[in-house]
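As a plain string of letters, each chain reads:
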Amino acid sequence: MIRHIHLINWRSHENTKLEFGYGTNLLVGIMGSGKTSVLDGIIFALFGTFPQLERRQMKLDDIPRYGAPYAKVVLSFSWNGSEYVIERKIEKKGSRVLSRAELYKDGTLLENGPTAITKMVEEILGVDYDLFTRAIYSEQNNIDYFLSLEPKRRKEEFDRLLGLDRFEKARATAVTLTNRIESSAKLALEQYSPEKEAELQKSIAEISKKENEIEKGIRENEKMLETAREQLKTLSQSFETIEKNKKQKELLEREIATINGKLASLEEGLTVVDEREYEEKKQALEKTKSELERLRAAKREAQKVESDLKAKMLLVENKIKDTQKKAADIEKIESIIKNLLGGKTEEQIRAEFENGRKELETKNSERMTNLQTITKNRELIKHLAAGMNRCPLCETELGLEGMERVRKKKEEEIKAAEQRIAQIDRELLELKSRIAASEELLKKAELGKQKVAYIKQQLPEVKVLETEKKEAENLLKAAVEKTKKMEQEEKELERQIEPMIVKIKAMEENIRKMKAIAETKKRLAVLTEQHGRISFDESEYLSLKKSLEEKRIEEQKLVAQIQYSKKEYELIGQNKKAYEQELADLLHFKKKAEAMKMIVEELKIYKNALLETQVGLRKELIDAINNAMNEIWGIFYPYGNYKALRVNVTEKDYVFEFLENDEWKPLETIASGGERACAALTLRVALAMVLTPNLSWLIMDEPTHNLDRQAIALLSETLQTRVPQVVKQTFVITHEEGLIGADFSRTYKFDRDKGSMSPTKVEIV
Ligand SMILES: Nc1ncnc2c1ncn2[C@@H]1O[C@H](COP(=O)(O)OP(=O)(O)OP(=O)(O)O)[C@@H](O)[C@H]1O
Ligand SMILES: [Mg+2]
């Protein structure tokens, strides 16, 4: 059962929600209020299309409400105990239109994507779009459409509705195919001729005969070629031997000539050398050479002595320079000490230092004395108590006055001693700094002196060095002279050696030549002996050469002959192949024509089978429809005048007939509008029952077309109370308010202010 539909931006619907129930659901409303759009929504939700889209009277992007970016339909239906929800959305994206879809079963997503969902819906319901639109959905004004058609069209349309038109189409296709194949077969047969076949067979046989002859010739020639090649091999071997001898002899002759030439050039200008003289000269040279070697060694020695002396001199000179520098340093240090002492001698400064120290002692003891004076007087003053009139020292009578005088005197003495101590402390400060300065000077002078002493200690004596230098100079002079003398002697020896070497070299060259001559002569003797040993006959060589050439020509001729025959064989083979191909083509056409004839026969059988099936199926379907109508008619039309309704199949038409007074009469001639509507409704329901027996749905758009008031009342009653007895769920669309009644499962009233393009308004009645 279809439970619910929700249309969002769906054509004139902005947001319409409709609940449906079992029985007949009525949608009433003025023209263009959006009723058919609801049915289109149901079909689109199920199959992704609806009739206007299929006929291309409309495109997907015409569906979304004007100005809305998308349109959406949500359909819920229950089937076999499950609840299904399908959502389809059409979205405009620029110039593209996107289509999305989702299918839920009992709340969970079952499938995704428009095509997949259509396929799944077809599987679930067992009905496809084609069957749905034929059996369940009768388009606007189509309810009694069949009844008003002329016979031929009616037959065609009714066949289409029953799905029988497919057989018609298949038959037409079979006829076209038969004609096409028959004409092809004719064409193929025109390509074939028995005379041509015989002619080709004859040519092929002739070529085969020729081929055999050539093959035989080739075999014979190949045998001859084999013999010739064997002979050629024997001849070649003999010739090779004799030719080898010839070449060897020629080679030896060339070598002997070369050696003779070499000998002549060796003997030219040769001087015989006396061995003893050569040995003497060599010894003399060796002696001179070793003398020269000795001399050179001695010279190297002398040169070494010379360079050692030079080095020693340089050392001594450096030492002298160093000593002179150090002496200057001493002078510098001494003058620094002198400056430090500021014109006084060291002894004077030492005396000042000693005097200072003595004075310091004196001052310190004077300070001590004064300190004692202070202590003593303070003690005295302490003992000068009041009333005491004797001197505590000398026991002299003092009296008060005398005592005061003594105290004053003693206090004055203390003060004078204190002043003196202060004076001494200042003097001591000055004296100490003077002593420290003198001590510092003495230390520095001592340090300078030590430094000078140290340098002096290291200084060699310049005079000794000068003597050393002088000695080295003398030795060097002698060494230089010695070297020079040796060099002269060396030159002299070198001058003597040179001509000796030249002479010896010339002698050696002659000795080498003499040896070479002896060896060459030996080799010449060997070669002459070899030459004499090789046998070679010129006339035998020439005759063998001639026979060999003749044999070769014979071989080549045979090879050429064989090649030619093979080529000929190949060429006529190609000819034969061409003939065979032609024959095969010819036979192919023959076979093709025969095969096509067979196909034509089969097509004829197929055509008849189609016709038989169509007739049989038609009979069965019509029987089924008539049975169904029989059942329904009594329910839908409870009046006595027409007992039954049937479809009668004639050769050219489907005639609808009423049974009146036991006589079948054509409906067209007797029925009123209401009766026609009832008959049409019966037919619709019967079709749905026969074609989609499981579904039990029916959808009708404007079944009230052309009906009078009475007919409408009859139809209304039938739809409300009788149709639900036969069909579980029916949808009826009408603009006819007279159809409204209390027993409809649901009645929705549609309205729309078309002037302002406002959306469809729906209210439940
Ligand atoms: N995309 C759209 N946006 C808005 N309105 C649309 C759109 N497409 C069609 N319409 C309007 O919807 C109406 C067609 O709706 P529908 O065919 O469902 O009407 P109806 O109720 O079946 O009418 P009738 O009784 O004449 O058959 C038309 O008036 C049309 O102008
Ligand atoms: Mg309509």
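Residues numbered from 1 in each chain as written. Chains lettered and ligands numbered in written order. Predicted model: local features only at pLDDT ≥ 70, side-chain atom pairs only at ≥ 80, totals over all residues. Heavy atoms only, no water.

Now for the overall build of the chain. The helix and strand tally for the chain stands at 15 helices and 15 strands. Across its three principal axes, the chain shows a C-alpha extent of roughly 195 × 175 × 45 Å. Classification of the 765 residues of the chain by burial places 38% in the buried group. Long-range contacts, defined as pairs at least 24 residues apart, comprise 73% of the intrachain contacts of the chain with a sequence gap of at least 6. Accessible surface computed for the chain: about 46,600 Å², of which carbon and sulfur atoms make up 52%. Between the centroid of the 135 positive side chains of the chain and the centroid of its 135 negative side chains there is a distance of 6 Å. (Helix = DSSP H or I, 4+ residues; strand = E, 2+ residues; numbered from the N terminus. Buried < 20%, exposed > 50% of the residue type's maximum accessible area, 1.4 Å probe, protein only. Contact = heavy atoms within 4.5 Å. Areas by Shrake-Rupley, 256 points an atom, 1.4 Å probe, with all protein chains shown as cover. Lys, Arg positive; Asp, Glu negative; His and termini not counted. Charge placed at Lys NZ, Arg CZ, Asp CG, Glu CD.)

Next up on the list: the packing of aromatic side chains. Counted according to the given criterion, the structure contains 19 aromatic pairs. Ring geometry for Phe 44 and Phe 50: centres 6.2 Å apart, planes at 65°, overall edge-to-face. With respect to burial, Phe 44 and Phe 50 carry one shared label: buried. Seen from their ring centres, Phe 158 and Tyr 654 are 4.8 Å apart, and the 50° between their planes marks the pair as tilted. Taken together, the residues span a long stretch of sequence, with Phe 158 in helix α5 (residues 151-162) and Tyr 654 in strand β10 (residues 654-660) at a distance of 496 residues. As far as burial versus exposure is concerned, Phe 158 and Tyr 654 are alike and both buried. It is Lys 89 that lies over the ring of Tyr 70; its NZ or CZ is 4.6 Å from the centre. (Phe/Tyr/Trp six-rings, centres within 6.5 Å; stacked < 30°, edge-to-face > 60°. Lys NZ or Arg CZ within 6 Å of the ring centre and 35° of its normal.)

On to the site of ligand 1. Neighbouring ligand 1 are 17 residues; Gly 32, Lys 35, Thr 36, Ser 37 and Arg 752 lie closest to it. Within the backbone of Ser 33, an N or O atom sits 3.1 Å from an oxygen atom of ligand 1. Lys 35 is positioned with one of its backbone polar atoms (N or O) 2.7 Å from an oxygen atom of ligand 1. Here ligand 1 has 650 Å² of accessible area as a free molecule, and 81% of this is covered by the chains. Within the shell around ligand 1, the residues separate by chemical class into five nonpolar, seven polar and five charged. (Near = heavy atom within 4 Å. Polar contact = N/O pair within 3.5 Å; in protein donor to acceptor, adjacent residues only side chain to side chain. Nonpolar A, V, L, I, M, F, W, Y, C, P; charged D, E, K, R; others polar.)

With that out of the way, let us pick up the pairing of strand β1 (residues 2-10). Within β1, eight of the nine residues are buried, which leaves the element mostly enclosed by the surrounding structure. In this sheet, strand β4 (residues 70-79) lies alongside β1 in antiparallel orientation, the contact comprising six bridges. If you follow Ile 8 over to β4, its bridge partner there is Lys 72. The sheet contact formed by β1 and strand β2 (residues 13-19) spans six bridges and is antiparallel. When the bridges of β2 are listed, His 6 appears paired with Lys 17. Connecting β1 to the next strand, β2, in antiparallel fashion are two residues, including Arg 11 with a positive phi near 50°. (Pairing = 2+ DSSP bridges.)

This part is about the domain arrangement of the chain. In many reports, interface size means the accessible area that the parts give up when they come together. Per the domain assignment, the segments of the chain are domain 1 (2-163 + 680-764), domain 2 (196-254 + 537-580) and domain 3 (331-461). Taken over C-alpha atoms, the centre of domain 1 sits 144 Å from the centre of domain 3. (Domains from an automatic or database assignment.)

Now for the nonpolar core. Leu 46, Leu 125 and Phe 132 are the most contacted members of the largest nonpolar core, which totals 100 residues. Per element, the largest residue contribution to this core is eleven residues, and it comes from helix α14 (residues 673-691). Among the nonpolar cores identified, the runner-up in size contains 15 residues, and Ile 337, Ile 349, Leu 428 and Leu 431 belong to it. (Core = buried A, V, L, I, M, F, W, Y, C linked by side-chain atoms within 4.5 Å.)

Below, the discussion takes up α14. With 19 residues, α14 extends 27 Å between its outermost C-alpha atoms, agreeing within 8% with the 27 Å of an ideal straight helix rising 1.5 Å per residue. The buried fraction of α14 is high, at 16 of 19 residues. (Expected span 1.5 Å × (residues − 1).)

So, about the environment of Ala 479. If you trace the backbone, Ala 479 turns up in helix α11 (residues 462-533). Assessed through its relative accessible area of 9%, Ala 479 is described here as buried. Each C-alpha atom of the pair Ala 479 and Glu 306 lies 5.6 Å from the other, and the pair is 173 residues apart in sequence. Those residues in contact with Ala 479, other than ones at most four positions away along the chain, are Val 305, Glu 306 and Leu 309.

A word on unusual backbone geometry. Most peptide bonds are trans, and most residues other than glycine sit at a negative phi. Within the chain, Asp 662 stands out as a residue other than glycine whose phi angle is a positive 60°. Looking at where Asp 662 falls in the secondary structure, it is placed in the loop between β10 and β11 (663-666). A positive phi angle, close to 55°, is found at Glu 702, a residue other than glycine. When you line up the elements, Glu 702 lands in the loop between β12 (697-701) and α15 (709-726). Given the relative accessible area of 4%, Glu 702 is considered buried.

Moving on: a negative patch on the surface. Taken together, Asp 274, Glu 275, Glu 277, Glu 279 and Glu 280 make up a surface patch of like negative charges. Topologically, Glu 280 is positioned in helix α8 (residues 275-341). (Patch = residues over 30% accessible without salt bridge, like charges linked within 9 Å, V, L, I, M, F, W, Y side chains within 5 Å. Salt bridge = Lys/Arg side-chain N within 4 Å of Asp/Glu carboxyl O.)

Our focus in this paragraph is the sheet that holds β10. The sheet built from three strands is open, its strands ordered β9-β10-β11 with antiparallel pairing. The sheet terminates laterally at β9 (644-649) and β11, the two strands that pair on one side only. Averaged over all pairs of adjacent strands, the angle between their axes in this sheet comes to 40°, without regard to strand direction. In this structure, β10 lies alongside β11, joined through four bridges in antiparallel fashion. Bridge pairing in β11 links Glu 660 to Glu 663. (Axes fitted to C-alpha atoms, helices over the stretch in contact; angles between N-to-C directions.)

A few words on the environment of Leu 110. When you line up the elements, Leu 110 lands in strand β7 (residues 108-112). Of the residues examined, Leu 110 reaches a relative accessible area of 37% and is grouped as partly exposed. Along the sequence, Leu 110 and Glu 346 sit 236 residues apart, while their C-alpha atoms lie 128 Å from each other. Once residues within four sequence positions are removed from consideration, Leu 110 is found in contact with Tyr 84, Leu 103, Tyr 104, Lys 105 and Met 120.

Any two side chains of opposite charge can pair, so long as their charged atoms come close to each other. In total, this model carries 54 salt bridges according to the counting rule given. Of the charged contacts in the structure, one is a salt bridge between Arg 134 and Asp 130, with a shortest N-O distance of 3.3 Å. Highlighted residues: Arg 134 and Asp 130, both in helix α4 (residues 129-136), separated by four residues, approximately one helical turn. For Arg 134, a relative accessible area of 5% corresponds to the buried category. On the basis of relative accessibility, which here comes to 36%, the residue Asp 130 falls in the partly exposed class. Residue Lys 246 pairs with Glu 250 through a salt bridge whose shortest N-O separation is 3.1 Å. Of the two residues, Lys 246 and Glu 250 both sit in helix α7 (residues 194-267), four residues apart, roughly one turn of that helix. One connected set of salt bridges, linked through shared partners, spans Glu 293, Arg 296, Lys 299, Glu 490 and Glu 494.

One full turn of an α-helix is made of 3.6 residues, so residues set three or four places apart face in the same direction. Spanning 13 residues, helix α1 (residues 35-47) covers 19 Å between terminal C-alpha atoms, matching the ideal 18 Å at 1.5 Å per step. Taken across its 13 residues, α1 has twelve buried, putting it largely inside the fold. Inspection of α1 places Lys 35, Ser 37, Val 38, Leu 39, Asp 40, Gly 41, Ile 42, Ile 43, Phe 44, Ala 45, Leu 46 and Phe 47 among the buried residues, and these make up the whole buried set. Following α1 by one or two positions, Gly 48 adopts a phi angle in the positive range, close to 75°.

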